[in-house]
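# Overview (structure and organization)
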Amino acid sequence: MRLRDVAFALITPAPRRGGAVWLALLLGVAGVAGAQEKVTLQLKHAHQFQFAGYYAALEQGYYREAGLDVRILEGSDGNQPERDVIAGKAEYGVGSSGLLLARLAGKPVVVLGVIFQHSPYALAMRQTAAEPDIRRLIGKRAMVGSLTDELSSADELLAYLLKEGVPPTSYQRVEPSFNPDDLVSGKVDAMAVFTTNEPDIFDRVGFPYDIYSPRAVGIDFYGDNLFTSEHEIANHPARARAFRAASMRGWQWAMSHQEEAADLILTKYSRRNDRQHLLYEARQMVPLVQPVLVEIGYMNPERWRHIADVYAGLGLLPRQANFDGFMYNLDNGRTSLLWLYRVLGVAALLLVLGAAIHFSLLARERKRALEAIRKGEQRFRTMFEASPLGIALIDSITYEYRDINPRYQEIVGRSQQELSAMKWLEVGHPEDVGQVKAQMALLTAQQIDNFKVTSRLFRPDGGMTWIEVSITAIETEQGSHPHHLCMIEDVTAKKQSETLIWQQANFDTLTQLPNRRMFHDRLAHDMLKSQRDKSRIAILFIDLDHFKEVNDTLGHHQGDILLVDAARRISACVRKSDTVARLGGDEFTVILSELGHDGGERVETIAQNIIDSLLQPFELGQEQAFVSASIGITLYPDDALDIDDLLKHADQAMYVAKGAGRNRFSYFTPTLQVAALNRMRLTNDLRGALKGKQFELYFQPIVHLRTGRIHKAEALIRWNHPQRGVVSPLEFIPLAEASGLIIDIGEWVFRESVLWVKRWRQEHHPAFQVSVNQSPLEFQRENGSYDAWLQHLRTLDLPGQSVVVEITEGLLLDANTAVSNKLLQLRDAGIQVALDDFGTGYSSLSYLKKFDIDYLKIDRSFTRNLAPDSSDMALSDAIIVMAHKLGLRVIAEGVETPEQRDLLAAAGCDYGQGYLFARPMPAEQFDALLRAQPPLN
């Protein structure tokens, strides 16, 4: 068969129906002129778009023009229309293909016309991870047809299940409730649905489902059918004919005016479903009604024979059952016997004349038909050659090409001669060919008429092309091989774009590791598997130590190179079945799945391997960088049952590892969660402490050891929490630093301190000083200078010497230009600097020489165990001598006994601070202490 034959089939004109149309119009005029006849149409279900054509015929006036006053009633079940029409309660009804069973059971029903060329009935089941398989229904509960009515509208589903090897005895049938919630909630495992209705409900609630249609195995029933009784046709033939014509006219209007029809239903019939659902129903009905391809109402005797054969296979009908009179004949009953006699008379008179002109008309019609075929073939060939789709006509048995258009040759990259020497599918990807052949087997067995697949093919240059393939069976002459039309479209660019979008949405662009989104998906999948296997999962939260320093010193480009190498090293420490992901920045996560109850040793081994691997130097061009890793570990389901909690717990454990000195791993424990909650609540309370005036300033005296007088004081902050009482600075200062609140708190401490120092310089000693502690975060903050402090001191008429800023050794060890500039600014303003906790950090004599330091504060760890000839005494002596050589004065912290005071004084220490002199106290008490000092001699 060539495309010439296809073209002929496509352009062959359909029989004319002009007489029927004129007759309907004449009947309509007659109906308007006379009285309106009252008739009832019984629907099989509640009002919905499924019956839109009848509403349209009524509201557009088509029934009225036909002389009919039509009442449309909702139905309670699918077989109510059949019962009411036979009982005479309704003249017309809407039924399924089960009407054929009723007819052959002796009930006088007659189908006037088919509305749904294909049945919307299907079976819905919950979707699983496995491939769809209707045999999953075996042993389950299903709502498939009524259990009390033998003539069920779901007979086609029963036939489908039987053909798929699922007989009624293999599953439990449940009386239908027609409620989709029963399937969503798991009350039943399957239910009969309309493909025009329930899928929209499932989609709206997010229910995953599979649809199984009888058409998949060649069972193709008609859907809704307009029917009446033999009594109605015999006694009211004109009314039956007029009702059918007006109804079909209404259906044509409804299918071409879907939005108006939906609004009509909402306005006058039912608001049970919203407009969106009605339009969904309308769209799904188009391929079932086929209003463009088939005249609405058309029915084929061979289709009814096919339906009868299916029923016979179920044992409901005998083979080759006779159903004469079941299908309404438009030609019957159109005229009375008198009209028939007149027609016969006229026909007899015209017979001779017709015979005379017959041969002349036949010759002329033949010539006209041949010309139409020639022009049609020419048009079709032009469309074929110029089509943007690749089209080929192929022998379905031998897979030989019969005709090929230029676009097809262009897509596959081969000439017509090359393709003619090849078989179809020879250039296809081996993984895709099997799928196409399986569909072709169904096509050649006439179980399906067409199918679509996405496939790959190889081009002569070795490249691979993605194509969308549409296959349609072509009717051929009896005895010849079947053929099919293969239409292809190049979708390679679309596929590549989809792949790129998916890659970018799920993978980190720098390291190519799964990103946070993919990490969550994989962890969720592993958690489900863990539930089935009763296994455990370990989640490792990895943070690179000192990575910020690499970025700041070597630049972000080198930092990115380090991250890529770190990702490679971490991935090398785990199995391919495990997941390594980058959540962002220098944070990585690892999912270790399928752990037994004794998998703790394996987790620790992997964590230590990661730590050891990341300790090795990173080669960054001409530079080397060194980082380490802090790892937090949490276990599923031991520590938490959802993803957010697992990540939170792993993060908490990681911070414990950092706090313990970095370069180690730590497991999550419930204690960490309690501590984290306390920190969070305390941080939240801290945010309102300043505004709530909950802070109080305490002062501890710094005593001149030679004279025993108080020359200075250290300002110390206390938090009077409304519920917790006094909160130690050791507890809340780290939280203030982590949250950034330390900046505002430090500013408050300074302003409160200088108010008191102004008073004490006036009332006690003009050189009195107050020491203010500075957090490294305060000192190192960007764009932070002491201009505001200096301005405030000038406002109070205070010199810079009234304040001493206490800093830690760590600031000087890694001092950058900003730190140096701030120290110079303090020196220029006269503000002195004390180096706190001296001797406990990474001390370096070079920075004592490099920077302007005024005081060294010997840490209390040296003072605590002072004794003559002890090592602590020797170290203290050395510090004091070194400081004096450099022009620095020394303050000893933690002085608690007279012996310690005397030893320090004998060694030449300048000042002492500790419980021997006084504990930290509120400002008013400290003021009283100063007043109680004996006067100077």
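Quick notes on the rules
Residues numbered from 1 in each chain as written. Predicted model: local features only at pLDDT ≥ 70, side-chain atom pairs only at ≥ 80, totals over all residues. Heavy atoms only, no water. Helix = DSSP H or I, 4+ residues; strand = E, 2+ residues; numbered from the N terminus. Buried < 20%, exposed > 50% of the residue type's maximum accessible area, 1.4 Å probe, protein only. Contact = heavy atoms within 4.5 Å. Areas by Shrake-Rupley, 256 points an atom, 1.4 Å probe, with all protein chains shown as cover. Patch = residues over 30% accessible without salt bridge, like charges linked within 9 Å, V, L, I, M, F, W, Y side chains within 5 Å. Salt bridge = Lys/Arg side-chain N within 4 Å of Asp/Glu carboxyl O. Lys, Arg positive; Asp, Glu negative; His and termini not counted. Charge placed at Lys NZ, Arg CZ, Asp CG, Glu CD. Pairing = 2+ DSSP bridges. Axes fitted to C-alpha atoms, helices over the stretch in contact; angles between N-to-C directions. Parallel < 35°, antiparallel > 145°, perpendicular 65-115°, else oblique. Left-handed = near helix turned anticlockwise from the far one by under 90°. Nonpolar A, V, L, I, M, F, W, Y, C, P; charged D, E, K, R; others polar. Core = buried A, V, L, I, M, F, W, Y, C linked by side-chain atoms within 4.5 Å. Polar contact = N/O pair within 3.5 Å; in protein donor to acceptor, adjacent residues only side chain to side chain.

Of the regular secondary structure elements, the protein holds 36 helices and 32 strands. Evaluated residue by residue, the protein yields a buried proportion of 47% over its 937 residues. By sequence separation, contacts in the protein at least 24 residues apart represent 70% of the contacts at least 6 residues apart. A total accessible area of about 47300 Å² is found for the protein, and carbon and sulfur atoms account for 53% of it.

Turning our eyes to something else, we now look at a negative patch on the surface. Among the surface-exposed residues, Glu468, Glu489, Asp490 and Glu498 lie close enough to one another that they form a single negatively charged patch. Along the chain, the position of Glu489 falls in strand E15 (residues 483–490).

Looking now at the pattern of salt bridges. Oppositely charged side chains may form a pair once their charged atoms are brought near each other. Across all of its chains, the model carries 46 salt bridges by this definition. Measuring nitrogen to oxygen at the nearest pair gives 3.3 Å for the salt bridge that ties Asp578 to Arg602. Of this pair, Asp578 sits in the loop between helix H22 (556–572) and strand E17 (579–584) while Arg602 is found in helix H23 (residues 600–615), placing the two residues 24 residues apart along the sequence. Asp578 sits in the buried class, given a relative accessible area of 7%. With a shortest N-O distance of 3.3 Å, Arg827 and Asp828 are connected by a salt bridge. The partly exposed category is assigned to Arg827, whose relative accessible area is 43%.

Another point: the sheet that holds strand E21 (residues 628–636). Reading across from one edge, E17-E18-E16-E21-E22 is the order of the five strands in this open sheet, with mixed pairing throughout. A strand with exactly one partner marks an edge of an open sheet, and here the two such strands are E17 and strand E22 (664–667). Averaged over neighbouring strand pairs, the angle between their axes works out to 20 degrees when direction is ignored. Across five bridges, E17 lies against strand E18 (residues 587–595) in antiparallel orientation. Paired with Arg582 across the strands is Phe588, a residue of E18. Against the sheet, helix H24 (residues 643–659) contacts strand E16 (536–545), E17, E18, E21 and E22, and its axis sits at roughly 145 degrees relative to E21.

All right, on to the sheet that holds strand E10 (residues 225–229) then. Spatially, E2-E1-E3-E10-E4 is the arrangement adopted by the five strands of the open sheet, whose pairing is mixed. A single partner strand is all that each edge strand has here, and the edge strands are strand E2 (68–73) and strand E4 (109–114). Pairs of neighbouring strands in the sheet enclose a mean axial angle of 30 degrees, with direction left out of account. Sheet topology places strand E1 (residues 37–42) next to strand E3 (residues 92–95); two bridges connect them, and they run parallel.

Once that is clear, we can look at the pairing of strand E11 (residues 390–395). Extensive coverage of E11 is indicated by the burial of six of its six residues. What you see with E11 is no split at all: Gly390, Ala392 and Ile394 on one side and Ile391, Leu393 and Asp395 on the other are buried throughout. The pairing of E11 with E15 spans six bridges and is antiparallel. Following the sheet pairing, Gly390 is matched in E15 by Ile488. Between the end of E11 and the start of strand E12 (residues 401–404), which pair antiparallel, lie five residues, with Tyr399 showing a positive phi angle near 60 degrees.

The subject of this paragraph is the packing of helix H12 (residues 258–268) against helix H13 (residues 275–289). At their nearest, the axes of H12 and H13 sit 9 Å apart, and the two run at 135 degrees to each other. Comparing the axis directions of H12 and H13 gives the class oblique. Crossing hand, H12 versus H13: right-handed. From H12, Gln258, Glu259, Ala262, Asp263, Ile265 and Leu266 reach across to H13, where they touch Arg275, Leu278, Leu279, Ala282, Arg283 and Val286. Residue composition of the contact of H12 with H13, by class: seven nonpolar, one polar and four charged.

On to the nonpolar core, then. In terms of nonpolar packing, the biggest core is built from 86 residues, with Leu41, Phe49, Tyr54, Leu137, Phe243 and Trp304 touching the most fellow members. With nine residues, the top contributor of residues to this core is helix H11 (residues 237–256). Other than its neighbours up to four places away in sequence, Phe49 contacts Trp251, Ala254, Met255, Gln258, Ala261, Ala262, Ile265, Leu278, Glu281, Ala282 and Met285. Listed in part, the 71 residues of the second largest apolar core include Ile745, Val749, Val757 and Phe851.

What follows deals with the pairing of strand E13 (residues 450–458). Two strands pair when backbone bridges link them, and E13 and strand E14 (residues 464–474) are joined in this way by nine bridges, in the antiparallel orientation. In the strand pairing of E14, Thr454 is matched with Glu468. Adjacent in sequence and paired antiparallel, E13 and E14 are bridged by five residues, among which Gly462 carries a positive phi angle near 90 degrees.

With respect to the helices and strands, Thr196 occurs in the loop between strand E8 (190–194) and helix H9 (198–205). By relative accessible area, Thr196 is classed as buried at 1%.

Moving on, we come to the environment of Ser396. Here Ser396 lies in the loop between E11 and E12. Considering only alpha carbons, one finds Ser396 and Met440, 44 residues apart in sequence, at a separation of 7.9 Å. Here Ser396 is in contact with Met440, Thr444, Pro482, His483 and His484, once residues within four sequence places are set aside. A distance of 2.7 Å separates a polar atom in the side chain of Ser396 from a polar atom in the side chain of His484.

This next bit is on the packing of helix H3 (residues 52–59) against H11. Between H3 and H11, the shortest axis-to-axis distance is 7 Å and the interhelical angle comes to 105 degrees. Relative to H11, H3 is oriented roughly perpendicular. Together, Ala52, Gly53, Tyr54, Ala56 and Ala57 of H3 and Ala246, Ser247, Gly250, Trp251, Trp253 and Ala254 of H11 make up the contact between the two elements. Of the residues contributing to the contact of H3 with H11, the split by class is eight nonpolar, three polar and no charged.

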